[in-house]
Amino acid sequence: MTDKVHVIGGGLAGSEAAWQLARAGQPVVLHEMRPVRQTEAHQTDALAELVCSNSFRSDEWETNAVGLLHEEMRRAGSLIMASADTHKLPAGGALAVDREGFAAAVTAALTADPLIEISRGEIEGLPPADWTSVIVATGPLTSPALAEAVRALTEEAALAFFDAIAPIVHFESIDMAVCWRQSRYDKVGPGGSGADYINCPLDKDRYEGFIDALLAAEKTAFKDFEKTPYFEGCLPIEVMAERGRDTLRYGPMKPVGLTDPHQPAVKPHAVVQLRQDNALGSLWNMVGFQTKLKHGEQARVFRLIPGLENAEFARLGGLHRNTFLNSPKLLDQSLRLKADPRLRFAGQITGVEGYVESAAIGLLAGRFAAAERFGAALTPPPPTTALGALLAHITGGHLSADGEGGARSFQPMNVNYGLFPPISVPRQPRDASSPKGPRSGKSFERKRAMSARALADLDQWLLGAASVAAE
Ligand SMILES: Cc1cc2nc3c(=O)[nH]c(=O)nc-3n(C[C@H](O)[C@H](O)[C@H](O)COP(=O)(O)OP(=O)(O)OC[C@H]3O[C@@H](n4cnc5c(N)ncnc54)[C@H](O)[C@@H]3O)c2cc1C
């Protein structure tokens, strides 16, 4: 009998990790602090409680990345997905669940499993030294004592307590006939080329119109427990705009050191810059555009920016209470903390965003920990799969663990096709009878091809993983 693996946190990720460990024959202790100690958002003592919406988002796997992640997790024997499927509610193309039935099903399955012991109580600091394999899955509302211990083990800036997310745009949707590549003053900097940013120019009229739209747009409110986490270094752009109509022009939208090659004689009044966000170059973040605008409003207002009229957003901006690691720097490929490899991390604390993504990283952490306990090395799922693309992003695919001036730039991420390696699809001859609308065209075909490739590669990986377990 091998030593037990300890999983801290019985949320989406920890529940899935414990289940995967038990399926591999590995005994587990699952530590959950509720109801002994509550978080600011949870209401019950159930495992895998959904703290807000009851939706797992789109369930369409052919052309939607989160739907694809659902399907991959089902194929990998996910308890979270099986319980969601059993308790699903009518919601069109989305997978919505009866939250109480869902959490009760997860709790019952884990409680009934002879290999899983559930221990109720807070882990108040680093786990004892004789816990030789631990998965920390304590989520965005990790209790302060444990968060402080993790922060001390890493470094000051490696654990964030709020996310400040700027919108991320798919490269293909940026109009490069309007925008251009250039770093301010053509600075090459460490590892740069002098043309590292995509620049979108605004003349005075477009700038004034943009500020008007920004000031009038609807904002989301903070939850009571979040207080108002504004730091002068990363104010939401609408707050900056409220401070004065020219504040943005002297801040993140300053036009200095940039020349528009499409109109070299005209000095832009303001410039929006986008910085490459992933190693593949498929995702670009809007520099300094962290925001609390409602999502629909963000898409509407940011499409007023020249060159972004048809922008497709891989994710929209936000500012929330969160607890997450600078994972690309701190974690290895199997989610172990490089500074203390007996600790593995899973769920939202690794810098993924959302119920499904959190559970997906729990699934992988559980499988990695089980393989390690049995003396085998499990290769990560290929980056062509949704599971592998998400894992690769948080363990290195995100371009820069340290942004300009050494500040971390890694922010939480949902699964999306921009994280996958590109695929080429043959150009379809089109005529008047060709299908039109969202379920046609090149982008649709590319997503379909990526999903088909993902499932084929996942099946191969699962076969390989099964043979590792049998050795
Ligand atoms: C207010 C809020 C609303 C959100 N709404 C949504 C949404 O609508 N849709 C969506 O997809 N995502 C949402 N998220 C983001 C995220 O998907 C969820 O928080 C998700 O539950 C994260 O899964 P997890 O397993 O990482 O953490 P959790 O599900 O939060 O699980 C962590 C568990 O660890 C326990 N714990 C914490 N510290 C300790 C400790 N020291 N010892 C023992 N146990 C501990 C907690 O009690 C909790 O049960 C929201 C997040 C927040 C904070």
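Residues numbered from 1 in each chain as written. Predicted model: local features only at pLDDT ≥ 70, side-chain atom pairs only at ≥ 80, totals over all residues. Heavy atoms only, no water.

Colleague: I'm lost on the packing of helix 1 (residues 12-23) against helix 10 (residues 355-373) in this one. Help?
Modeller: Where helix 1 contacts helix 10, the axes come no closer than 7 Å and their chain directions differ by 35°. Our pair here, helix 1 against helix 10, has a crossing hand that is right-handed. Where helix 1 approaches helix 10, its residues Leu-12, Ala-13, Glu-16, Ala-17, Gln-20 and Leu-21 are matched on the opposing element by Tyr-355, Ser-358, Ala-359, Gly-362, Leu-363, Gly-366, Arg-367, Ala-369 and Ala-370. (Axes fitted to C-alpha atoms, helices over the stretch in contact; angles between N-to-C directions. Helix = DSSP H or I, 4+ residues; strand = E, 2+ residues; numbered from the N terminus. Left-handed = near helix turned anticlockwise from the far one by under 90°. Contact = heavy atoms within 4.5 Å.)

Colleague: Any chance you could explain the environment of Lys-223 here in plain terms?
Modeller: Mapped onto the secondary structure, Lys-223 falls in the loop between helix 6 (204-216) and helix 7 (237-242). Separated by 188 residues in the primary sequence, Lys-223 and Gln-411 place their C-alpha atoms 20 Å from one another.

Colleague: Any chance you could explain the sheet that holds strand 16 (residues 336-337) here in plain terms?
Modeller: Spatial strand order, 6-2-1-7-17-16: six strands in an open sheet with mixed pairing. For this open sheet the edge positions go to strand 6 (116-120) and strand 16, each flanked by a neighbour on one side alone. The sheet contact formed by strand 16 and strand 17 (residues 340-345) spans two bridges and is antiparallel. Within the sheet, the bridge partner assigned to Arg-336 lies in strand 17 and is Arg-344. Of the strands in this sheet, strand 1 (5-8), strand 2 (28-32), strand 6 and strand 7 (134-136) touch helix 1, which is tilted by about 170° from strand 2. (Pairing = 2+ DSSP bridges.)

Colleague: Just checking my understanding: could you explain the site of the ligand for this structure?
Modeller: Contacts to the ligand come from 31 residues, most closely from Ala-13, Glu-32, Ser-143, Gln-348 and Gly-354. Met-33 places a polar main-chain atom, nitrogen or oxygen, 3.2 Å from a nitrogen atom of the ligand. Residue Ile-123 places a main-chain N or O atom 2.9 Å away from a nitrogen atom belonging to the ligand. In isolation the ligand has 970 Å² of accessible area, and contact with the protein removes 92% of it. If you list the elements that add at least two residues to the shell around the ligand, you get helix 1, strand 2 and helix 10. Partitioned by chemical class, the residues of the shell around the ligand number 12 nonpolar, 16 polar and three charged. (Near = heavy atom within 4 Å. Polar contact = N/O pair within 3.5 Å; in protein donor to acceptor, adjacent residues only side chain to side chain. Areas by Shrake-Rupley, 256 points an atom, 1.4 Å probe, with all protein chains shown as cover. Nonpolar A, V, L, I, M, F, W, Y, C, P; charged D, E, K, R; others polar.)

Colleague: Help me out: how do you make sense of the pairing of strand 12 (residues 270-276) in this one?
Modeller: The two faces of the sheet receive side chains in turn, since in a regular strand these alternate between them. With five of seven residues buried, strand 12 is to be regarded as a mostly interior element. As defined by bridge partners, strand 11 (residues 197-202) adjoins strand 12 across six bridges and the pair is classed as antiparallel. Bridged to Pro-201 within strand 12 is Val-271. Here three bridges tie strand 12 to strand 13 (residues 283-286), and the two strands are oriented antiparallel to one another. What sits directly across from Gln-276, in strand 13, is Trp-284. Adjacent in sequence and paired antiparallel, strand 12 and strand 13 are bridged by six residues, among which Gly-281 carries a positive phi angle near 75°. (Buried < 20%, exposed > 50% of the residue type's maximum accessible area, 1.4 Å probe, protein only.)

Colleague: What's the story with the sheet that holds strand 3 (residues 55-58) in this structure? I'm lost.
Modeller: The pairing of strands in a sheet happens through backbone hydrogen bonds and is either parallel or antiparallel. The antiparallel open sheet is built from three strands, whose spatial order is 3-5-4. The sheet terminates laterally at strand 3 and strand 4 (88-89), the two strands that pair on one side only.

Colleague: What is the right way to look at the confidence of the model for the chain in this model?
Modeller: Note that predicted coordinates carrying low pLDDT should not be read in detail. Considering every residue of the chain, the mean pLDDT works out to 91; 93% of them sit at 70 or more. Residue range residues 403-407 is modelled with pLDDT below 50. Its contacts to residues more than four positions away, or to other chains, number five contacts. (pLDDT = per-residue confidence, 0-100.)

Colleague: Before we go on, may I ask you to explain the nonpolar core in this structure?
Modeller: Side chains of a nonpolar character, in soluble globular proteins, are inclined to be buried together. In this structure, Phe-56, Phe-102 and Phe-420 are the most contacted members of the largest nonpolar core, which totals 88 residues. For this core, the leading source of residues is helix 10, giving 12 residues. Leaving out residues up to four positions away in the same chain, Phe-102 has contacts with Leu-12, Ala-48, Leu-50, Phe-56, Ile-80, Ser-83, Ala-84, His-87 and Val-97. (Core = buried A, V, L, I, M, F, W, Y, C linked by side-chain atoms within 4.5 Å.)

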